[in-house]
Amino acid sequence: MWPHRSPGRSWRTSFVLIFIVQLIFIPLLATGRRARNVETVKSVEEFNNEALMPRFAEPIQNVTVTIGRDALLACVVDNLRNYKVAWVRVDTQTILSIHHNVITQNPRISLSYNDHRSWYLHIKNVQEADRGWYMCQVNTDPMRSRKGYLQVVVPPSIVDKETSTDLVVRETVNVTLTCKAVGYPEPYVMWRREDGDDIFYNGENVNVVDGEVLHITKVSRLHMGAYLCIASNGVPPSISKRVELRVQFPPMLSIPNQLEGAYIGQDVSLECHTEAYPTSINYWTTESGDMIVSGDKYEAVSVDNGYNKYMMLKIRSVSSTDFGSYQCVAKNSLGETDGLIKLDEIPAPSTTTTSTVITTTTNVKKKGRLNNKQWRDRPSDNLVPQGDHGTSEWRETAGDDDDGYTLPSLGPPRDGGDSLMRKSSIFDVMLVICLAITLQPR
């Protein structure tokens, strides 16, 4: 059985417990209220004090400047009162200035200020060593500060001692062109031909090759020319260097027409095309091997275009002795070559002649006795028998006059008027042909 508890005893126990709680917690609650009041007072005081303390009106702007120019860093402080401003180089912990005084021994650094509010740090002729963080400090407790970054950019430049110079190589060798550039930010380098032509690179034609190194496998005469190494980094100006690549090879020759034709008295030109580097010595020779020199008879012309050369030999007023073979020759230190052109005679073109066709009207006038009335009365008859011995006479007249051109008679007609007319027509044709031949100029 549980022991029996009297009601009076239970009441007393509860009262004791309540009294103990009051003794412990009521002082604690009072202390908490007092602490909160103190904190509130302190907060108000701190707020009032903060309003009176110096503060930065704006952040310090980062500045980017090209090497050699001047830089300006600005620090704007409100409510500075009796506090002082200092400029400090962060990475080296170097004090540059304190309030109105410049502390550093660097003559390129100076200080200016305005209305006890704006404080300016000047850096003249900025160098790469000036790149970094700069701090503006106010000597409060604790110290207050702001930082700004000075970026110094450098335009690209080419390091000559690490860059390729003009090269002379033999055809089919491998060639490497190098271009070393420096600057800040790091420059971008590319290669291109000065004439704008494509570069045959890694099996394809490209206009630009990126990178400091241009490697050409089995260089050929097509690679010959001037190349530009161009460096840029966004900081003007960009820069370039010119590298001349010369490819040596022995002469090669091509002839457009190996057989030429000319007629006597004509002017004729013979042509050759050569390629060579170093530049070749070019000349013409006759069939007998004699070198041809320009003069009244011959004119030798040579036109250079890079490693290409055009040769032409002009022969004036070709004669029979000029027909034969001619040789164009090209020589350089690596070899020589020649080509043969044959000059043959062709017929002169025929001159166009104009023949004068003479049309004659023949009227025959009877002479002697008119013993045949039938012949006399025929209006179309131009043939009349003449004399007693069977001969006839023809006369060409302009009318009925007796003065005309008289030809010998071919004899009387044997089978009447029709036969006589046919013979007269044949004779007229022959007469016209003879006159045309006689009048033709010789």
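Everything quoted here is computed from the prediction, not taken from an experiment. (Residues numbered from 1 in each chain as written. Predicted model: local features only at pLDDT ≥ 70, side-chain atom pairs only at ≥ 80, totals over all residues. Heavy atoms only, no water.)

A.B. asks: Quick rundown of the nonpolar core? Include the residues and the values.
C.D. replies: Trp-191, Leu-214, Tyr-227 and Leu-245 are the most contacted members of the largest nonpolar core, which has 25 residues in total. Residue assignment for this core shows that the elements contributing at least two residues are β12 (175–178), β14 (188–193), β15 (199–201), β18 (213–216), β19 (225–232) and β20 (239–254). With four residues, β20 is the largest single contributor of residues to this core. Beyond its immediate sequence surroundings of up to four residues, Tyr-227 is in contact with Leu-177, Trp-191, Arg-192, Arg-193, Glu-194, Ile-199, Leu-214, Ile-216, Lys-241, Arg-242, Val-243 and Leu-245. Formed by 23 residues, the second largest nonpolar core is a distinct cluster that contains Ile-60, Trp-87, Ile-123 and Val-126. (Core = buried A, V, L, I, M, F, W, Y, C linked by side-chain atoms within 4.5 Å. Buried < 20%, exposed > 50% of the residue type's maximum accessible area, 1.4 Å probe, protein only. Helix = DSSP H or I, 4+ residues; strand = E, 2+ residues; numbered from the N terminus. Contact = heavy atoms within 4.5 Å.)

A.B. asks: Talk me through empty space enclosed by the protein; I want residue IDs and the actual numbers.
C.D. replies: All told, the structure shown has four cavities of 30 Å³ or more when counted by the stated rule. Of the pockets and cavities examined, the second largest cavity occupies roughly 50 Å³. Taken together, Thr-274, Ala-276, Thr-279, Ser-280, Asp-304, Gly-306, Tyr-307, Asn-308 and Lys-309 make up the lining of the second largest cavity. Looking at the lining of the second largest cavity, the elements that each hand over two or more residues are β22 (268–277) and β25 (308–315). Residues that form the lining of the second largest cavity fall into these classes: two nonpolar, five polar and two charged. (1 Å grid on protein atoms, 1.4 Å probe; cavity = no way out; pocket = protein on both sides within 12 Å on 5 of 7 lines; lining within 4 Å. Points joined across faces, edges and corners; volume = space filled by probe spheres on them. Nonpolar A, V, L, I, M, F, W, Y, C, P; charged D, E, K, R; others polar.)

A.B. asks: Any details on the sheet that holds strand β26 (residues 324–332)? Residues and values, ideally.
C.D. replies: Within a sheet, adjacent strands bond to each other through the backbone by hydrogen bonds, running parallel or antiparallel. Pairing in this open sheet of four strands is mixed, and the strands run β21-β27-β26-β23 from one edge to the other. Since the sheet does not close on itself, it has two edges, and those belong to β21 (259–262) and β23 (281–285), each with one partner. Within this sheet the neighbouring strands show an average axis-to-axis angle of 20°, counted without direction. Here β26 pairs with strand β27 (residues 335–345) via nine bridges, running antiparallel. Each residue of the ladder has a partner; that of Gly-324, found in β27, is Leu-343. (Pairing = 2+ DSSP bridges. Axes fitted to C-alpha atoms, helices over the stretch in contact; angles between N-to-C directions.)

A.B. asks: Describe the environment of Val-208, and please don't skip the residues or the numbers.
C.D. replies: Along the chain, Val-208 falls in the loop between β16 (204–206) and β17 (209–210). Of the residues examined, Val-208 reaches a relative accessible area of 31% and is grouped as partly exposed. Sequence-wise, Val-208 and Met-190 are 18 residues apart; in three dimensions their C-alpha atoms are separated by 6.6 Å. Contact partners of Val-208, with chain neighbours within four places excluded, come to Tyr-188, Met-190, Trp-191 and Arg-192.

A.B. asks: Could you give me a rundown of the environment of Ser-288, with the residues and numbers involved?
C.D. replies: Within the secondary structure, Ser-288 is located in the loop between β23 and β24 (298–305). Assessed through its relative accessible area of 58%, Ser-288 is described here as exposed. At 3.0 Å, the side chain of Ser-288 forms a polar contact with the side chain of Thr-286. (Polar contact = N/O pair within 3.5 Å; in protein donor to acceptor, adjacent residues only side chain to side chain.)

A.B. asks: Give me the lowdown on the pattern of salt bridges, citing residues and values where you can.
C.D. replies: Taken as a whole and judged by the stated rule, the model has 13 salt bridges. For Asp-304, the salt bridge identified is with Lys-309, shortest N-O distance 3.5 Å. Residue Lys-309 is classed as buried on the basis of its relative accessible area of 11%. (Salt bridge = Lys/Arg side-chain N within 4 Å of Asp/Glu carboxyl O.)

A.B. asks: So what's going on with the state of the cysteines? Residues and values would help.
C.D. replies: If you walk through the whole model with that rule in mind, you get three disulfides. What pairs with Cys-75 in a disulfide is Cys-136, and their sulfur atoms sit 2.0 Å apart. On the sign convention where negative means left-handed, the S-S torsion of about -75° between Cys-75 and Cys-136 marks this disulfide as left-handed. Taken together, the positions of Cys-75 in strand β3 (residues 71–78) and Cys-136 in strand β9 (residues 132–138) put the pair 61 residues apart, joining distant regions of the chain. Each member of the pair Cys-75 and Cys-136 is classed as buried. (Disulfide = S-S within 2.5 Å.)

A.B. asks: Let's hear about the pairing of strand β2 (residues 63–66): which residues, and what values?
C.D. replies: Side-chain positions along a regular strand alternate between the two faces of the sheet. The alternating pattern of β2 places Val-63 and Val-65 on a buried face, while none of Thr-64 and Thr-66, on the opposite face, is buried. Across four bridges, β2 lies against strand β10 (residues 144–158) in parallel orientation. Bridging across to β10, Thr-66 finds its partner in Val-153.

A.B. asks: Tell me about the sheet that holds β3, and name the residues and values.
C.D. replies: Strands sit in the order β1-β3-β8-β7 across an open sheet of four strands; the sheet is antiparallel. The sheet terminates laterally at β1 (55–56) and β7 (109–114), the two strands that pair on one side only. Both β1 and β3 contribute to a ladder of two bridges, which runs antiparallel. Within β3, the residue paired with Arg-55 across the bridge is Asp-78.

A.B. asks: Describe the packing of aromatic side chains, and please don't skip the residues or the numbers.
C.D. replies: The tally for this structure, following the rule as stated, stands at three aromatic pairs. Between Tyr-113 and Trp-119, the ring centres sit 5.2 Å apart and the planes meet at 35°, which makes this aromatic pair tilted. For Trp-119, a relative accessible area of 1% puts it in the buried group. Each ring, one from Phe-249 and one from Tyr-307, has its centre 5.6 Å from the other, and the planes form 85°; the classification is edge-to-face. With Phe-249 in strand β20 and Tyr-307 in the loop between β24 and β25, this pair connects stretches of sequence that are 58 residues apart. For Phe-249, a relative accessible area of 0% translates into the label buried. The exposure class assigned to Tyr-307 is buried, which follows from its relative accessible area of 17%. For the cation-ring pair, Lys-147 lies above Trp-133, with the distance from its terminal atom to the ring centre recorded as 5.0 Å. (Phe/Tyr/Trp six-rings, centres within 6.5 Å; stacked < 30°, edge-to-face > 60°. Lys NZ or Arg CZ within 6 Å of the ring centre and 35° of its normal.)

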